[in-house]
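Reading the structure
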Amino acid sequence: RQLGIALAMTETSKGPVGVGVDGSEQSIHAARMAAEEARLRGVELHVVHCVDIQPAVLHLPGGTTDTREIAKRQHDAVQEAIGEALGDISYERVGREGYAPDELTDYTEEVGAGLLVLGSRGRGRVAGAVLGSTSLRCLEQAKIPVLIVK
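To start, this report covers the structure provided alongside it. (Residues numbered from 1 in each chain as written. Predicted model: local features only at pLDDT ≥ 70, side-chain atom pairs only at ≥ 80, totals over all residues. Heavy atoms only, no water.)

This paragraph deals with the pattern of salt bridges. All chains considered together, the criterion is met by six salt bridges. A salt bridge links R41 to E37, with the nearest nitrogen and oxygen atoms 2.8 Å apart. Of this pair, R41 and E37 both sit in helix α1 (residues 25-41), four residues apart, which is roughly one turn of the helix. Look at E37 and you get partly exposed, because its relative accessible area is 23%. Where D76 meets K72, a salt bridge forms, and the shortest distance between an N and an O atom there is 2.6 Å. Taken together, the residues D76 and K72, both in helix α2 (residues 67-86) and four residues apart, mark about one turn of the helix. Bridged by salt links that share partners, the residues R96, E103 and E110 form one connected network. (Salt bridge = Lys/Arg side-chain N within 4 Å of Asp/Glu carboxyl O. Helix = DSSP H or I, 4+ residues; strand = E, 2+ residues; numbered from the N terminus. Buried < 20%, exposed > 50% of the residue type's maximum accessible area, 1.4 Å probe, protein only.)

For the rest of this paragraph, the subject is the sheet that holds strand β3 (residues 92-97). Within the open sheet, the five strands sit side by side as β3-β2-β1-β4-β5. Their pairing is parallel. Since the sheet does not close on itself, it has two edges, and those belong to β3 and β5 (146-149), each with one partner. If you compare each strand with its neighbour and ignore which way they point, the axes differ by 25 degrees on average. Note: strand β1 (residues 17-21) against strand β2 (residues 45-51), five bridges, orientation parallel. Looking across to β2, one finds that V19 is bridged to V47. Against the sheet, α1 touches β1, β2, β4 (115-119) and β5, its axis set at about 175 degrees to β1. (Pairing = 2+ DSSP bridges. Axes fitted to C-alpha atoms, helices over the stretch in contact; angles between N-to-C directions. Contact = heavy atoms within 4.5 Å.)

What follows concerns α2. For α2, built from 20 residues, the straight-helix expectation of 28 Å at 1.5 Å per residue is met to within 8% by its first-to-last C-alpha distance of 28 Å. Buried residues of α2: I70, A71, H75, V78, Q79, I82, G83 and L86, and no others. Looking at the buried positions of α2, the neighbouring elements they touch are β1, α1, β2 and β3. (Expected span 1.5 Å × (residues − 1).)

Structure below.
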């Protein structure tokens, strides 16, 4: 069975392509796809990494309690992995703090993005239903087209 998907080119489709990344193989693949899409559209690529610092993390033995330092370390590690994967491709690095689906959809709206690209972790239906999934929540919340890369 084939599924045809068409993305309508609207005024907002001329904005940058945003891609949400977490350092996983799926997000690295999504970043490569987003880079190609940005190239084809002739727009900027914005690579967005979100960190949601949970209060429990701040009480781990030997851990720092500085949420900015935790977020910076995570942003740097993920952006390094993405940088290696994208090579010479030019892109804007974006670090956000908070719940990823909210931060990703808010950011793409703020910059007038034309497309949001996300990787799919391929979790089962039960886990997705119980835990929720970033890609599913972004698909529901976004006001722009969302491409989920498997």
